[in-house]
Structure formats: C-alpha cells, structure tokens
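Coordinate analysis (summary)
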Amino acid sequence: YSYTITLTGGCGNITKSGTIVVNPTNTISLTSAVGTNNQDVCINTAITNITYATTGATGASFSGLPPGVSGSWASNVVTISGTPTQAGSYSFTITLTGGCGTVTETVLLNVRPANTISLTSGVGSDGQTVCINTAITSITYSTTGAIGGTVTGLPAGVTGGWANNGFTISGTPTVSGTFNYTITLTGGCGVVTESGTINVTPNNTITRTSGAGTDAQSACINLPITNITYSTTGATGATVVGLPNGVTGIWANNGFTISGTPTQSGTYSYTITLTGGCGNITKSGTIVVNPT
C-alpha cells in the first residue's frame with residue numbers, strides 16, 4: 001500500500017509519501033497423493049514420500065518423526081521421506097518458519113512391526129522322532145502380525161494350518177524318512193519363516209538268513225538242530241517263545257540265532273517278537289523233534 005500525507009492550511013502544497021507492505025499468512029498444502037499424510041507402513045520399509053507446497057515461509061521444522069524418517073524444506077517445498085526403523089504410531093508436526101503466522105501441519109504414520117512366530121508346544125517338539133503310522137506330538141506356534149501361513153516339507157499324512165494367530169502341525173505320517181519343514185507367514189510385515197524336523201522311523205524288520213527250510217526243519221531228539229538265523233533292522237532286542245527244551249534264541253548285533261540240542265520230542269511252533277524300535281513285528285517257524 002502506497003500512502004500520501006498532504007498538509008492543509010498554512011502556506012504551500014506539502015505532501016509526504018510512503019509504502020506499507022502487508023504480507024499474507026504462510027500457507028502449506030499437500031501436493032503428494034491423497035492419503036500419503038496418513039500412511040500405514042511396515043518397519044524397515046520406505047514410506048511413500050510426502051510433499052507439501054508452501055508460501056511465505058523461509059523454512060520449516062519437524063518434530064515427532066520416527067527414527068529413519070526425515071523432513072526437509074527447499075524452494076517452497078516440504079519433503080518427508082525415509083525408512084522407519086522403529087514400530088509405533090507417530091503423529092508428527094511440520095511448523096513453517098519465517099514469513100507470517102504460526103502455521104503447522106500434522107502427519108500420521110503408523111509403523112507396523114515385523115511378523116513373529118514362536119514355538120508354544122513342548123521343547124523339542126519341532127525336532128521329534130516318531131514311528132511310521134503313529135501320530136506325531138502336535139507342534140504349535142504363536143504368531144503376531146500375520147494373517148495366514150503356509151508350510152512345506154511335511155511327511156505324507158501330516159498337515160499344518162494357521163488360525164487365530166497360531167500355527168499347528170499334526171497328523172500321522174505314512175512314509176518314513178527325515179522331513180525338514182518350513183513355515184512361512186503370510187500377510188503383515190516381513191518375510192518370516194520357522195523351520196523344524198520330523199524324523200519318521202520305519203517299522204522294524206526281520207528276515208531269515210539261514211538256508212531255505214531251516215525255519216521248518218525236522219531234527220532228531222538229542223542231536224543239534226541246524227542253526228536258524230535272522231537279520232533284523234530297527235529293533236534293540238528280541239524274545240522267542242515256543243522252542244523245545246534244550247534250544248534257545250539270542251539277539252545280538254541286529255541278528256537273531258536259534259540253536260541247541262532238543263531234549264524232548266514233539267512239534268514246536270516258535271514265535272520271535274522284536275523289541276524296541278517301531279511296530280509289533282513277529283516271525284514264526286516250526287521245529288519238529290523226532291523221538292529215537
């Protein structure tokens with residue numbers, strides 16, 4: 001505004017001029033996409049840059065920014081950018097400096113933590129050993145952040161599923177072997193996995209290794225039988241019932257041997273039962289002891 005003072009009365013036409021400049025209040029307005037000033041992001045993930053156009057100000061200050069996020073002012077533009085490194089809800093303030101008026105703008109930024117998964121079933125349940133065709137001890141995990149989960153590497157007959165912030169693995173394995181499984185959480189923040197192992201032991205086995213027919217032989221009383229031998233897998237021992245007097249069976253080093261001299265005539269049906277390991281495994285045979 002240019003003004004002029006004119007004196008009246010007296011002598012002469014006397015005037016004096018001057019100027020008053022009235023500056024408007026500073027302004028700030030969002031120029032990045034609608035909603036960028038109210039973001040929801042994952043921790044350790046870059047935010048969408050937030051920009052504002054300003055008028056009047058000669059700078060700007062920032063308070064309440066999350067760690068990893070910063071603000072700057074240049075050429076009448078405010079820019080907020082960066083990668084938050086700490087979870088939480090942040091309401092931070094931009095305050096224009098210089099120019100006229102106390103002008104502020106509030107920005108909301110919700111930084112979500114990374115998903116988590118932790119074992120809640122017994123210690124060691126995620127590294128268990130079971131017999132084939134026997135139900136495993138259920139393996140359970142608690143999760144945060146995720147909205148689901150998948151699992152790979154389980155044996156046939158065993159499944160895993162996510163519900164209500166928990167993941168459960170259960171079932172009865174129908175194949176033997178060592179199975180390394182991996183759970184991968186879905187949704188939420190971060191690529192979060194958890195691994196474990198299920199060892200499925202096969203059933204014990206027993207196989208005759210002596211000559212054909214030795215497990216159905218005829219022998220004379222008071223004369224040694226032909227030794228009957230078997231190889232075994234899985235078992236830690238074995239018992240036998242039904243042998244004639246004077247004949248015994250012994251398990252050692254994954255083998256079972258029946259030998260001796262029968263002292264009583266008759267037909268004897270024997271049964272070997274493996275102990276330890278997996279399964280109820282038996283093997284039968286016959287020894288006929290002829291009298292003199």
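Described below are features of the structure shown in this document.

About the criteria used
- Residues numbered from 1 in each chain as written.
- Predicted model: local features only at pLDDT ≥ 70, side-chain atom pairs only at ≥ 80, totals over all residues.
- Heavy atoms only, no water.
- Pairing = 2+ DSSP bridges.
- Helix = DSSP H or I, 4+ residues; strand = E, 2+ residues; numbered from the N terminus.
- Disulfide = S-S within 2.5 Å.
- Buried < 20%, exposed > 50% of the residue type's maximum accessible area, 1.4 Å probe, protein only.
- Axes fitted to C-alpha atoms, helices over the stretch in contact; angles between N-to-C directions.
- Salt bridge = Lys/Arg side-chain N within 4 Å of Asp/Glu carboxyl O.

A short note on the pairing of strand β15 (residues 158-163)
Where β15 meets strand β16 (residues 166-171), six bridges bridge the pair, whose relative direction is antiparallel. Counted as the bridge partner of T159 is S170 from β16. With antiparallel pairing between neighbouring strands as the criterion, β15 and β16 make up a hairpin whose turn holds two residues, including N164 at a positive phi of roughly 50°.

Quick look at the state of the cysteines
Summed over the entire model, instances satisfying the criterion amount to two disulfides. Between the sulfur of C42 and that of C189 lies a disulfide, 2.0 Å long from S to S. With the S-S bond torsion at -80°, the cross-link from C42 to C189 turns out left-handed. One end of the pair, C42, is in strand β4 (residues 38-42); the other, C189, is in the loop between β17 (177-186) and β18 (193-201), with 147 residues separating them in the sequence. Note on accessibility: C42 and C189 belong to one class, buried. Between C131 and C278 runs a disulfide, and the two sulfur atoms are separated by 1.9 Å. The sign of the -80° torsion about the S-S bond sets the C131-C278 disulfide as left-handed. Here the residue C131 occupies a position in strand β12 (residues 127-131), and C278 occupies one in the loop between β25 (266-275) and β26 (282-290), the gap between them amounting to 147 residues. Here the cysteine-cysteine linkages of the protein chain are recorded as 1-3, 2-4, numbering only bonded cysteines and doing so in sequence order.

What about the sheet that holds β15?
Pairing is antiparallel across the open sheet formed by four strands, whose spatial order is β11-β13-β16-β15. Of all the strands in the sheet, the pair left with one neighbour each is β11 (116-119) and β15. If you compare each strand with its neighbour and ignore which way they point, the axes differ by 20° on average. With four bridges connecting them, strand β13 (residues 139-144) and β16 associate as antiparallel partners. Paired with I139 across the bridge in β16 is I169.

Concerning the pattern of salt bridges
Tallied over the full model, the rule gives two salt bridges. Note that R112 and D40 form a salt bridge whose closest N and O atoms lie 2.6 Å from each other. Of the two residues, R112 sits in strand β10 (residues 104-112) while D40 sits in strand β4, which places them 72 residues apart along the sequence. The closest approach of N and O atoms between R208 and D215, which form a salt bridge, is 3.5 Å. Overall, the relative accessible area of 29% leaves R208 in the partly exposed class.

Overview of unusual backbone geometry
Glycine aside, residues mostly have negative phi, and peptide bonds are mostly found in the trans state. For N222, which is not a glycine, the phi torsion comes out positive at approximately 70°. As for its position among the elements, N222 is in the loop between β20 (216-220) and β21 (228-233). For N254, which is not glycine, the phi dihedral falls at a positive 65°. Judged by relative accessible area, N254 falls into the partly exposed class, the value being 40%.

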